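If you want the building blocks of each chain, they are given just below.
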Amino acid sequence: EYDGDEDDEQYAGEPSAPAGPPPMSLVLRVRGHRDVAGAGGVTNKEPITHLIPLARAIFPRWNPDTRTLAADPPFGLLDLGARQSKIRGLRRDLQPYCSRVAKGEQGMPKKTALARAGREDLIERIDELGGWYEAAAQLGLRSNRKPNGYWENLDFLRDELLQLIYAFWFQEEDEDTGERMWYNDISGALTYEEPDVASGGGLDTPVMPSISDIQEAKRYDLQHAIIFHGGFIEVAEQLGWMQKRYGENRHLLSFARYAEEMRDFIEEMGEDAIPRGRLPTLRMMLDEDREDLVNAARWHGGMWEIARRMRMQPYAASALSRLPDAARAIREFALEEQGLEAGDAGPLMPSHEFIVSRGRHDLGRAYYLHGRTRLADAAGLELRTRRYTYEECRRFMRVEVKPRVRNSTAFRRWRESGSRPRLVPADPAKYYGETGEWVDWAHFLGVRVKPGDPEARIRATPFLEYEDAKRRVRAARELETSKKSSSKASGSLGTDDDSFDVPTTSSEYRRWRGKPPCLPRFPEGVYGRRGEWRGWDDFLGRDDTAVRETDKTDDTAVRRDGSTGQSTRESARRRRRRARHASYQDARAAMHALARSGEAPRTSKQFQLWRSRPSEIPPNPRATYLRTG
């Protein structure tokens, strides 16, 4: 029992550690009551329970005669039980005002509803728990309030709109058959199967609700979110949805429903009026007062498109409307025009322009009706755009081409001579590079490269990887430094020529006569395309001290070719400025942080005029970070 009195004068004369203390491995459950303000100024008694560990630091004294423990709990220990008591009591008092959201889930009541009911006491207790959103999470209730930035996400807006469209499904009963059917008041769709949320209104494309639908559902949050994203038309275009249409028979905008209605109409007309496998004409449907089918036919692309999707033929279609007949006719036409016999192989698919120029408009209609690729496959014709696969082209170049083509220059001469067949691409590197199959010219032509072969024109020694190239340059510098040290110790003088032992600048590197063949002459291009290039300082192994010394000595230095060191000095200064710039990832993170605080520019033009740019961010980030890959 703990009465809250920290003096505990009645225990002052007792020993601090009497014999036979209680076991210190238990947890005491302390029950009591607390006063809670209710409606109308009434004070209620709310039960409260504390769980306190039976530890010597919390219970320093006890009285075995009165069977009483004196507790000295640490700060905040008793607040845990009080908070749980507040949550239990608040959940019980909010039950009459909670709404049923779903099965086994209740919604958090709104503040206006509690104020209208005169329950300001409940509003104050919710504020004590941290506000509406935090209280709903602790009470296990669903809050209608969305977190900050929720409506800025278009995916969340689409999900909320689908939920709204799903709420506009109404169940009805067919008067004739007594079947259950569902009707959507937004899209006008009609179905005999129970819809789901993802149906989007039951049509082929989800329908965008109108402003009246959203206001009828009292979803003003959705209305504000749609206006935030640019309005109803703009949101519909971004989501790929169709605008809401008004009028009757909107359910025919679904092609499945239209196909059912069309089959029913054909069955009612009978085979005497409409032959099997054919569709009725627009005049037939108008004579039978089926303007709804006529209007929906225009929506679905016309009778030819409807016939294709229903795998039927229009009423007055020719024999070439059937794919086998069209394939047979266009193959005979191709053989006749190309001067081939019926059993010859390799006829090409004629183009639509060529077919029309010969006066075969019936074949031109079949060309568009069935499609070029589908018609060519059915007719056994070869498309003019077809090319060998990479392996087939390699085999052709190695076996069929005589004499052998050994390099790209010889391939161009062979191509310009007119010997290249149509199935071989004019630019194999580009064509097979787009398919991801290209390796190199040596692999494509089947050439075994020999060192020093001038006709191969294919690099015999591949370039080193970036890290290996760096180590090779630095190893050469260390070797040359040791040679110079030994020469100086022996008193001999080295010769001064243009091949200078190890380059220290980009200009010297390109004039380096002793460069190994495994190192590229322009490493910034080779390794930059691979995304590995990090600048000349990193590649040549120069540090900032060396750059500063170079800058000092270059003021009076004269290069071996007689020119001054002005460009070298400017290069050193540019390197120092780039060294002060942050890496791409750090600069990007800094710009994002400034953008969140509203201090960063929003366009490239504003960035160029930005006067408060931090020094670690380069003035031309595109050029700076392109150099580093």
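Structure report, in brief. Predicted, not measured: the structure shown is a model, and the values here were computed from it. (Residues numbered from 1 in each chain as written. Predicted model: local features only at pLDDT ≥ 70, side-chain atom pairs only at ≥ 80, totals over all residues. Heavy atoms only, no water.)

To continue, consider the overall build of the protein chain. Looking only at helices and strands, the protein chain features 29 helices and 11 strands. Looking at the protein chain residue by residue over its 629 residues, the buried ones come to 35%. Roughly 39600 Å² of accessible area belongs to the protein chain as shown, and the carbon and sulfur atoms make up 48% of that amount. (Helix = DSSP H or I, 4+ residues; strand = E, 2+ residues; numbered from the N terminus. Buried < 20%, exposed > 50% of the residue type's maximum accessible area, 1.4 Å probe, protein only. Areas by Shrake-Rupley, 256 points an atom, 1.4 Å probe, with all protein chains shown as cover.)

Another aspect to go through is the pairing of strand S7 (residues 169-173). Along a regular strand, successive side chains alternate from one face of the sheet to the other. One ladder, built from 5 bridges, connects S7 with strand S8 (residues 180-184); its direction is antiparallel. For Phe170, the partnering residue across the bridge sits in S8 and is Tyr183. Between the end of S7 and the start of S8, which pair antiparallel, lie 6 residues, with Gly178 showing a positive phi angle near 80 degrees. (Pairing = 2+ DSSP bridges.)

Once that is clear, we can look at the sheet that holds S7. Taking strand neighbours across the sheet as the criterion, the 3 strands line up as S7-S8-S9 in an open arrangement whose pairing is antiparallel. Two strands close off the open sheet at either side, each with one partner strand: S7 and strand S9 (190-191).

Once that is clear, we can look at helix H27 (residues 584-596). Residues three or four positions apart in an α-helix share a direction because the helix packs 3.6 residues into each turn. Its 13 residues place the ends of H27 18 Å apart at the C-alpha level, agreeing with the 18 Å of an ideal helix rising 1.5 Å per residue. Listed as buried for H27 are Ala587, Met591 and Leu594. All buried residues of H27 lie within an arc of 60 degrees about the axis, which places them on one face of the element. The exposed residues of H27 that point more than 90 degrees off its buried face are Gln585 and Arg596. (Expected span 1.5 Å × (residues − 1). Arc of directions from axis to C-beta.)

Here the focus is unusual backbone geometry. Of the consecutive residues Lys402 and Pro403, the connecting peptide bond is found in the cis state with omega at -5 degrees. Inspection of the secondary structure puts Pro403 in the loop between helix H17 (390-399) and helix H18 (408-416).

Our focus in this paragraph is the packing of aromatic side chains. Inspection of every chain in the model, using the stated rule, returns 27 aromatic pairs. Aromatic pair Tyr390 and Tyr432: ring centres 5.3 Å apart, planes at 75 degrees, arrangement edge-to-face. Residue Tyr390 is located in helix H17, and its partner Tyr432 is located in helix H19 (residues 428-434); the two are separated by 42 residues in the primary sequence. Tyr432 shares its class with Tyr390; the two are buried. Three or more aromatic residues joined by ring pairs make a cluster, and in this case those are Tyr390, Phe411, Trp414, Tyr431, Tyr432, Trp438, Trp441 and Phe444. (Phe/Tyr/Trp six-rings, centres within 6.5 Å; stacked < 30°, edge-to-face > 60°.)

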